[in-house]
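Each chain, written out:
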Amino acid sequence: MSSESDKIERSGAPQAGLSMAQSLFILFVAFAGWMFAGSVMNVIPLAGRPAILSFLPESLPASQIEGEVGKWFARYICAFLLGAATGGLLFGWLGDKIGRAKAMAASILCYSLITGVSYYATSLEQLFVLRFIACLGIGGMWPNGVALASEAWSEGSRPLLAGLIGTAANVGFVIVGLLAKYVRDVTTEDWRWVFALAGLPALLGVLAWFTLPESPRWLAQRKSDGDVKHAPSMTKVFKPPYLGITIIGICLGTIPLLGGWGTLNWTIPWADQVGGADDPKLKATISICRSTGATLGSLLGGWLASQFGRRSTYFVISFLSLICSGYLFWNLTPLSPTFTVWVFTLGFFGTIYFGWLPLYLPELFPTHIRATGSGVTFNFGRIISAMGVLGTGALLSTFHGDYAQVGRWTHLIYLLGMVVILFAPDTTGKKLDD
């Protein structure tokens, strides 16, 4: 006969030490924090090109404008990727050191306040530096939100939680896209409002700092193992017995990041290039289609992984993303009647990963390094992705601003995903280790 604790583990109940209200509040803050992080992520895809154009000198020859735009756009994406990678390591370690709740609150304050300050940027270089600093908080939000939510609820709840957290960022993408389409255009003359809007989640950070309950697992671990043996360390995940697992996790996190930031997100400036002054809302339409598909895909990621297995799910979505992205960049343009349909479809398949990752990555590490491990494996892929995005920026210049040519090369990253998953451990049915 199963023990009472086993029954709780299989149910959707909160972990011992938390009331239902406290567990729901943790889920709300984790969801909202990652949702607002998504809105901050979408600032550059939507407002980056108009911002860059507003800072470029009027004397620049027209033939060089798109090349400069592509170069700076790639740099801003890299500032996000590198900042998030650094923040994932820093705030992930902080979450294991002082607690997930405080580290998550600090992450929210970081990405919102600094993005709000970016409203006052007066040069391309200032915007780059502020973007990097803001994205430290984005990198810190993910591991602490995932670790806290995973440890606050029972095993039976984790597939649903993974999907909810995975989809949260894409909800943020959709919100900003809807505002840009229906409320206020994002133009060369009027782009700063997007940055000001992204500063508002600082209120959530303050609320979380003073009221968010801490993980019972983390509190119990700190109380019973507060010695050198389980002292949190940034370097533990890079040493045996965790090194191999960490490397696999980084590779699995890199594939969808490169697919998203190095491939799919180029459809937005591509639409802006094609639509231009004739249709300034086209890029917002593309952003909404991409993010709506992504919202649904990432919501299903945890459930699919629990139903069909971790490894088989990752393999299939890599295959489907490869097919969809190949068709999009080889056969369509932003003015094609079915372009939005295929952007939606690729957004759907290409972000199932982000419901899969919040379920899978925490299963690789024990409690005392779970936030660090989750942060490193998810966010360190951003360093590799940053180099890839810089490469795509160079490709854009080589192909004279032809975004389709860039996508025809970068979409092959999904083929690599089909290979990497074959070497990953299968954690299907595994409980979180203490």
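Basis of the calculations
- Residues numbered from 1 in each chain as written.
- Predicted model: local features only at pLDDT ≥ 70, side-chain atom pairs only at ≥ 80, totals over all residues.
- Heavy atoms only, no water.
- Patch = residues over 30% accessible without salt bridge, like charges linked within 9 Å, V, L, I, M, F, W, Y side chains within 5 Å.
- Areas by Shrake-Rupley, 256 points an atom, 1.4 Å probe, with all protein chains shown as cover.
- Salt bridge = Lys/Arg side-chain N within 4 Å of Asp/Glu carboxyl O.
- Helix = DSSP H or I, 4+ residues; strand = E, 2+ residues; numbered from the N terminus.
- Buried < 20%, exposed > 50% of the residue type's maximum accessible area, 1.4 Å probe, protein only.
- 1 Å grid on protein atoms, 1.4 Å probe; cavity = no way out; pocket = protein on both sides within 12 Å on 5 of 7 lines; lining within 4 Å.
- Points joined across faces, edges and corners; volume = space filled by probe spheres on them.
- Nonpolar A, V, L, I, M, F, W, Y, C, P; charged D, E, K, R; others polar.
- Domains from an automatic or database assignment.
- Contact = heavy atoms within 4.5 Å.
- Buried area = accessible area lost by both parts, 1.4 Å probe.
- Polar contact = N/O pair within 3.5 Å; in protein donor to acceptor, adjacent residues only side chain to side chain.

Caption draft 1: Structural context of a nonpolar patch on the surface. Taken together, the side chains of Phe315, Val316, Leu416, Val419, Leu422 and Phe423 make up a nonpolar region of the molecular surface, amounting to roughly 560 Å² of accessible area. Within the residue set of the nonpolar patch, elements represented by two or more residues are helix 14 (310-331) and helix 20 (413-420). For Val419, the position within the fold is in helix 20.

Caption draft 2: Layout of the pattern of salt bridges. The full count for this structure, using the stated rule, is 7 salt bridges. The residue Arg49 makes a salt bridge to Asp272 at a minimum N-O spacing of 3.1 Å. One end of the pair, Arg49, is in helix 3 (residues 43-55); the other, Asp272, is in helix 12 (residues 267-275), with 223 residues separating them in the sequence. For the pair Arg49 and Asp272, a shared accessibility class is recorded, and that class is buried. Of the charged contacts, one joins Asp96 and Arg100 as a salt bridge, the two residues approaching to 2.6 Å between their closest N and O atoms. Residue Arg100 is classed as buried on the basis of its relative accessible area, which comes to 0%. Put simply, Asp96, Arg100, Glu151 and Arg370 are held in one network by salt bridges that share partners.

Caption draft 3: How the structure looks around empty space enclosed by the protein. All told, the structure shown has 2 cavities of 30 Å³ or more when counted by the stated rule. If you trace the largest cavity, you find 22 residues lining it, with Met41, Asn170, Trp261, Arg290 and Phe354 closest to the centre. Put simply, the parts of the chain that give the lining of the largest cavity at least two residues each are helix 2 (20-41), helix 7 (158-183) and helix 11 (243-262). Of the residues belonging to the lining of the largest cavity, the class tally is 13 nonpolar, 7 polar and 2 charged. For the lining of the largest cavity, the domains that each give at least three residues are domain 1 (18-216) and domain 2 (233-429). Each pocket or cavity is described by its volume, and for the second largest cavity that value is around 50 Å³. Forming the boundary of the second largest cavity are Val146, Ser150, Arg158, Leu161, Ala162, Ile165 and Pro358. Among the elements of the structure, helix 6 (124-152) and helix 7 are those that each provide at least two residues to the lining of the second largest cavity. The biggest single contributor to the lining of the second largest cavity is helix 7, with 4 residues. By residue class, the composition of the lining of the second largest cavity is 5 nonpolar, 1 polar and 1 charged.

Caption draft 4: Spatial organisation of the domain arrangement of the protein. Taken domain by domain, the protein holds domain 1 (18-216) and domain 2 (233-429). Computed from C-alpha coordinates alone, the two centres of domain 1 and domain 2 are separated by 17 Å. Facing 51 residues of domain 1, the contacting portion of domain 2 comprises 58 residues. When domain 1 packs against domain 2, close to 4500 Å² is buried across both sides, 70% of that on carbon and sulfur atoms. Between the two partners, domain 1 and domain 2, sit 2 salt bridges. There are 12 residue pairs in polar contact (both at pLDDT 80 or more) connecting domain 1 and domain 2. Only helix 2, helix 3, helix 4 (62-98), helix 6 and helix 7 provide two or more residues apiece to the side of domain 1 that touches domain 2. A per-element tally of the side of domain 1 that touches domain 2 places helix 4 first, with 18 residues. Partitioning the side of domain 1 that touches domain 2 into residue classes produces 30 nonpolar, 13 polar and 8 charged.

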